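# Secondary and tertiary structure notes
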Amino acid sequence: MPAPQIPLLAENSGCSIENTALLSSTGGAGKGVPIVTSVSPGISVVSIEEGEFPGSGTYFCASCGSQLSLREDDPMPECPRCGRSEFQRDSIFEQMQDHGQTAELAIPRTAANSGWLAAARGMLPRPGRYLAWREGDIQIQPIEQGWTRIGRSAAADIRLDDPSVSRRHALIVSELPDALRILDDRSLNGVFLNGEIVDWARVTDGDEVAIGRFRLFALER
C-alpha cells in the first residue's frame, strides 16, 4: 500500500521551495525518507533511470527540475511531480560547487572534548533544537523549522568562515516530531556524524557533527 506524502513546512529564507513533500520512511535504524524539493537544477552529464540504484546523493528530474535526495540503498523512483523517469545528479542549492577556495582537511575520527556541553545546555534560552560549538567562546545557534544551510558562504544560515568548509557544505532539515536530518551538499571534506562520514543521517540530542575543522553538537531542550 503506498505510504502517504507528508507536506514540508514553509520555505526557509534564501532557499526557494515549491510543492515540497517528504516521501515516507521504510522504518528501522538508519532508514530515511527521500526529500523532494523544487529548486533550480544544476548541471550534470550522467542520467539515471527509474529503478536504478545510483547511491546516496541529490538528484534532479531532467524534465521538471524537481529534486530528491536518496540513501545508498534507495532505488530511483519516478518523479513525484511530473511522473517522468530520467534524473541527473545535482547540488541541493544551485549549480555544481566550485571548491577552488576550499582546503582539503583530514577529519580526525576521535571524539572532540565535550566537557563544555553541560555549560552549553545551560545557555539554551528556550525549548527547541540547537547546534553548539566552541570558537573561543561557546557558540549557540537555534535550528528553525524547515531547511537550514551550513557553509562558508555569506548566504548560509549558519556560516562557518574557514577554508576547510565548502561554500555550501550541508543542509539540516528540522520537521517536528521527526529527528533532525543532515545532508552533505557534495562538500569537499564531507560531513561526519560521531566520527563516521555520512551523506544523509538522522541527528539526535548529543550527536557530534564535524564540518571542516568545526565540531558542532546537536542539543535539544
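Keep in mind that this is a model prediction, so the values were computed, not measured. (Residues numbered from 1 in each chain as written. Predicted model: local features only at pLDDT ≥ 70, side-chain atom pairs only at ≥ 80, totals over all residues. Heavy atoms only, no water.)

Attention now goes to the confidence of the model for the protein. Per-residue pLDDT for the protein has a mean of 74; in total, 67% of the residues score no lower than 70. When the criterion is pLDDT under 50, residues 3-45 qualifies, and its contacts beyond four places in sequence or with other chains add up to 109 contacts. Across residues 92-99, confidence stays below pLDDT 50; counting only partners more than four residues off in sequence or on other chains, it has 31 contacts. (pLDDT = per-residue confidence, 0-100. Contact = heavy atoms within 4.5 Å.)

A surface patch of negative charge is lined by Glu49, Glu50, Glu52, Glu78 and Glu86. Relative to the helices and strands, Glu86 resides in strand 7 (residues 86-89). Exposure remark for Glu86: the relative accessible area of 33% places this residue in the partly exposed category. (Patch = residues over 30% accessible without salt bridge, like charges linked within 9 Å, V, L, I, M, F, W, Y side chains within 5 Å. Areas by Shrake-Rupley, 256 points an atom, 1.4 Å probe, with all protein chains shown as cover. Salt bridge = Lys/Arg side-chain N within 4 Å of Asp/Glu carboxyl O. Lys, Arg positive; Asp, Glu negative; His and termini not counted. Charge placed at Lys NZ, Arg CZ, Asp CG, Glu CD. Helix = DSSP H or I, 4+ residues; strand = E, 2+ residues; numbered from the N terminus. Buried < 20%, exposed > 50% of the residue type's maximum accessible area, 1.4 Å probe, protein only.)

Glancing now at the sheet that holds strand 16 (residues 200-203). The sheet built from five strands is open, its strands ordered 11-10-12-13-16 with mixed pairing. The open sheet has two edge strands, strand 11 (158-159) and strand 16, and neither has a second partner. Sheet topology note: the strand 13 (residues 180-184)/strand 16 ladder contains four bridges and is antiparallel. Bridge pairing in strand 16 links Leu183 to Trp200. (Pairing = 2+ DSSP bridges.)

Here we take up the environment of Asp205. Assignment of secondary structure puts Asp205 in the loop between strand 16 and strand 17 (208-211). Sequence separation between Asp205 and Leu219 is 14 residues, and the spatial gap between their C-alpha atoms is 4.9 Å. If sequence neighbours within four positions are ignored, Asp205 has contacts with Arg121, Ala218, Leu219 and Glu220. A distance of 3.2 Å separates the side chain of Asp205 from the side chain of Arg121, its partner in a polar contact. Separated by 2.8 Å, the side chain of Asp205 and the backbone nitrogen of Glu220 make a polar contact. (Polar contact = N/O pair within 3.5 Å; in protein donor to acceptor, adjacent residues only side chain to side chain.)

Let us look at empty space enclosed by the protein. All chains considered together, the criterion is met by two cavities of 30 Å³ or more. By volume, the second largest cavity is sized at about 30 Å³. Ser56, Gly57, Thr58, Ser69, Leu70, Asp184, Asp199 and Trp200 together form the lining of the second largest cavity. Taken together, the residues that form the lining of the second largest cavity break down as two nonpolar, four polar and two charged. (1 Å grid on protein atoms, 1.4 Å probe; cavity = no way out; pocket = protein on both sides within 12 Å on 5 of 7 lines; lining within 4 Å. Points joined across faces, edges and corners; volume = space filled by probe spheres on them. Nonpolar A, V, L, I, M, F, W, Y, C, P; charged D, E, K, R; others polar.)

Turning our eyes to something else, we now look at the sheet that holds strand 9 (residues 137-142). On the basis of which strands lie adjacent, the open sheet formed by six strands has the order 9-8-18-17-14-15 and antiparallel pairing. If you trace the sheet from one side to the other, it starts and ends with strand 9 and strand 15 (196-198), each paired once. Between one strand and the next, the sheet's axes are offset by a mean angle of 30 degrees, whatever the strand orientation. Pairing of strand 8 (residues 129-135) with strand 9, which is carried by six bridges, proceeds in the antiparallel orientation. Among the inter-strand pairings, Glu135 is bridged to a residue of strand 9, identified as Asp137. (Axes fitted to C-alpha atoms, helices over the stretch in contact; angles between N-to-C directions.)

This part is about the pairing of strand 13. Counted residue by residue, strand 13 has five buried out of five residues, so it is predominantly covered. What you see with strand 13 is no split at all: Leu180, Ile182 and Asp184 on one side and Arg181 and Leu183 on the other are buried throughout. Taken together, the four bridges between strand 12 (residues 170-174) and strand 13 define a ladder with antiparallel strand orientation. Residue pairing in the sheet places Ile172 in a bridge with Ile182 of strand 13.

Turning our eyes to something else, we now look at the side chain of Arg129. Tracing the sequence through the fold places Arg129 in strand 8. Owing to a relative accessible area of 9%, Arg129 belongs among the buried residues under this scheme.

Within the largest apolar cluster, 21 residues are counted, with the highest numbers of intra-cluster contacts made by Leu131, Ile150, Leu160, Ile182 and Ile211. Of all the elements in the fold, those that place two or more residues in this core are strand 8, strand 12, strand 13, strand 14 (191-193), strand 16, strand 17 and strand 18 (214-220). The element that contributes the greatest number of residues to this core is strand 18, accounting for three residues. With residues up to four places along the chain from it excluded, the contact list for Ile211 reads Ile150, Leu160, Val165, His169, Ala170 and Leu216. (Core = buried A, V, L, I, M, F, W, Y, C linked by side-chain atoms within 4.5 Å.)

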